[in-house]
Amino acid sequence: MIRIFLSMKAQYIKTEMEYAANFWMMLLSGVLSRVVSMAAPFVIYSNIPDIAGWQKDEIYLILSFLFIAEGLCSVLFEGIWQMPGMVFAGEFDCILSRPVSPLFQVLSYGMGLQGISVFLVGAVSMPVFLRRLGLLHSWGVVMSLFLILCGTVLCMSIYLLGNSVVFWFDAGGRTALPYTLSQLGQYARYPLELYPGVVRFLLLFLVPYGFICVVPVEILRGSVAWPWCLGVAGMSAGFFLLARAVFCRGIRHYESVGM
Amino acid sequence: MIEARELRKVYKVNHKQPGLKGAFANLFHAEWEQKVAVDGLSFQMEQGRALACIGENGAGKSTLIKMMIGILTPTAGEIRVFGTDPRRGGRGYLRRIGVVFGQKTNLWTDIPVIESYQAVKTLYRLDEGMFRKNYDRVVELLALQPLLSVPARKLSLGQRMRADIGMVFLHSPELLFLDEPTIGLDINVKHTIRTFLRQMNEETGTGIFLTSHDLDDIDEICDDAIVLSGGRLIYDGTLDQLKHRFVQDKMIQVTGKQERDIRSLLPLARIIMEGRVVKIVYPVREYSSAEVLAAVSGCFAIEDITIEEPDIDEVVSRIFAGEGML
């Protein structure tokens, strides 16, 4: 199963590379957009030395976590974003007529090219800032990898949850919810202490982007205790199960009302 | 193999008022309407047969197919395929059937056809021997060799359909559901696909359930037919009987010298003279074929004679015009 998943992804990369100009453009745009968003903390910190006890490098580490999770999600699970279109065009019927888990088929479908560069930006910057913060030792690296894994699963689950709405509210193959969710996630790239309690709760438990990037950095810098990483793992497992349940409910709904 | 009893499917459709105002009103108060797609359908199909489902647009054909695949749940009634409910058969059931929707593709659109075939091999967990055998066969019979390295989205409609039909045979399905498999194709491709389907049906005993607008499809592929109209079953039997039941006129075409005037023997028939060829169109209710043949042999020095088979196009248009309901 994993072999076929990876071989499908390899096929998609091959296909994308056939259009060389587009390939490089997409890569470049991914890198640019992320580098620009890294410029914001740079500007802020050149005027203010300290935000709620957070250093500049720690903010960059938050961004690195976010980029890696987003990038991996986009490369590996782009199919989730194409699902509403498939449902609308009736292509979902083909998925349901194969003896393979519909979730696997959705996840293995397609590939987000920009994701590669977003991932690369994150993957390059993370070790740099880990080193600057003195965290580039074996414990820090193992911990970071584990947190990245959890964050990617969590990110995928949020997308899946948002896009599964299409089974109930099909508005021409688009629904606003997943975009809203991913926009909300953009607020989780700063220390949560900056926000009032309600927003903090929202970013941690309703749209748990906080667990993708902020909480991992808090664990690494030691502002929360290390067992919190179990909380991160629990959160991502829980959200994955929730998203999968909603997805399955959605399919059942589709089966009973679909045209 | 397939058994449907009192099958019924009702959709809930959002009923919108026309115009922007209507669309706006719908945001706050949606009105729902019940739409009956399939209404009390009962029929059977036996192992290895090829059954055609004929009906106008919106007659409920696609809904019926989707219920048989297990994509849709019937509102009422019962459907059994291989003796079990498709909704409960799960992956074991899906492995035994094959599905082709003429307007959608089962191929992965961005990757070469051969990669899609390989994906099927892995996803269906086919063993190498069986896969090879089926693969070689479809590639040969459907002339797929030149298409294999091309991504599906770059194929023409006819090529894509051939690749799609080939793919559905890779896992040796026992029963095929084909929803309008030749829609929009040119005559050569249609012919290739029909011949192939017929051959597979005869050689491997794969059952075929086919819906089509193209009545030649039905004629060339199927033995049996059901006819749907407004979700109801209006005919269930062999294709031959269907043709004969709805045929009112038949035609005999004679070439040869006329020795006596045939009009006096068959006053109710229309006689059309086209040089040496005479066409005799006679109502089947008035004359039997034997009577007509006797009259013809009495009047002509026959060089050649053909009896025209009734045309299925005409038959179906009669059915839907509401003539001679069953």
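Rules used throughout
- Each residue is numbered by its place in its chain's sequence as written, counting from 1.
- All chains are assigned letters beginning with A, and all ligands numbers beginning with 1, in the order in which they are written.
- Totals for whole chains, interfaces and linings use every residue, but because this is a predicted model, local features are given only for residues with pLDDT of at least 70 and side-chain atom pairs only at 80 or more, for both listing and counting.
- Side-chain calculation: all heavy atoms of the structure are included, whereas hydrogens and water are not.
- Definition used for salt bridges: Asp or Glu carboxyl oxygen within 4 Å of a side-chain nitrogen of Lys or Arg.
- To qualify as a helix, a DSSP run of H or I must reach at least 4 residues; to qualify as a strand, a run of E must reach at least 2; elements of each kind are numbered from the N terminus.
- Residue burial is assigned from relative accessible area. The probe radius is 1.4 Å, only protein chains are included, and a residue is buried under 20% of its type maximum, exposed over 50%, and partly exposed in between.
- The contact definition used throughout considers only heavy atoms, calling two residues in contact when any of these lie within 4.5 Å.
- Here the quantity called buried area is the accessible surface, traced with a 1.4 Å probe, that two parts lose on coming together, added over both.
- The domain boundaries here were taken from an automatic or database domain assignment.
- Any residue with relative accessible area above 30% and no salt bridge may belong to a patch, with like charges joined within 9 Å and the nonpolar Val, Leu, Ile, Met, Phe, Trp and Tyr side chains within 5 Å.
- Each accessible area is a Shrake-Rupley result for a 1.4 Å probe, and residues are judged covered by the shown protein chains and nothing else.

**Q** Talk me through the pattern of salt bridges; I want residue IDs and the actual numbers.
**A** All names here are of chain B. Counted by the stated rule, this structure contains 26 salt bridges over all chains. The partner of Glu220 in a salt bridge is Arg194, and the shortest N-O contact between them spans 3.3 Å. Here Arg194 lies in helix α7 (residues 187-204) and Glu220 lies in helix α8 (residues 215-221), a separation of 26 residues in the sequence. By relative accessible area, which is 36% here, Glu220 ends up partly exposed. Between Glu303 and Arg276 there is a salt bridge, and its shortest N-O distance comes to 2.5 Å. Of this pair, Glu303 sits in strand β13 (residues 300-308) while Arg276 sits in the loop between β11 (270-274) and β12 (277-283), and the two are 27 residues apart along the sequence. What emerges from the salt-bridge pattern is a single network uniting Lys121, Glu128, Arg132 and Asp136.

**Q** Please provide a residue-by-residue account of the interface of chain A and chain B, values included.
**A** Each partner contributes residues to the interface: chain A has 30 residues there, and chain B has 30 residues. Summed over both sides, the interface between chain A and chain B buries roughly 2,800 Å², with carbon and sulfur atoms accounting for 59% of that surface. Here chain A is connected to chain B by two salt bridges. Lys66 of chain B is the salt-bridge partner of Asp93 of chain A, the closest N and O atoms lying 3.2 Å from each other.

**Q** Talk me through the domain arrangement of chain B; I want residue IDs and the actual numbers.
**A** Interfaces are often sized by the accessible area lost when the parts come together. When the domains of chain B are assigned, the result is domain 1 (40-243) and domain 2 (248-309). Its C-alpha centre places domain 1 of chain B at a distance of 42 Å from the equivalent point of domain 2 of chain B.

**Q** Describe a nonpolar patch on the surface, with residues and values.
**A** Residues and elements named next belong to chain B. A contiguous nonpolar patch, built from Leu293, Ile302, Ile305 and Ile307 and spanning about 300 Å² of accessible area, is present on the exposed surface. If one sorts the elements of the nonpolar patch by residue count, β13 sits on top with three residues. The class of Ile302 is partly exposed, set by a relative accessible area of 36%.

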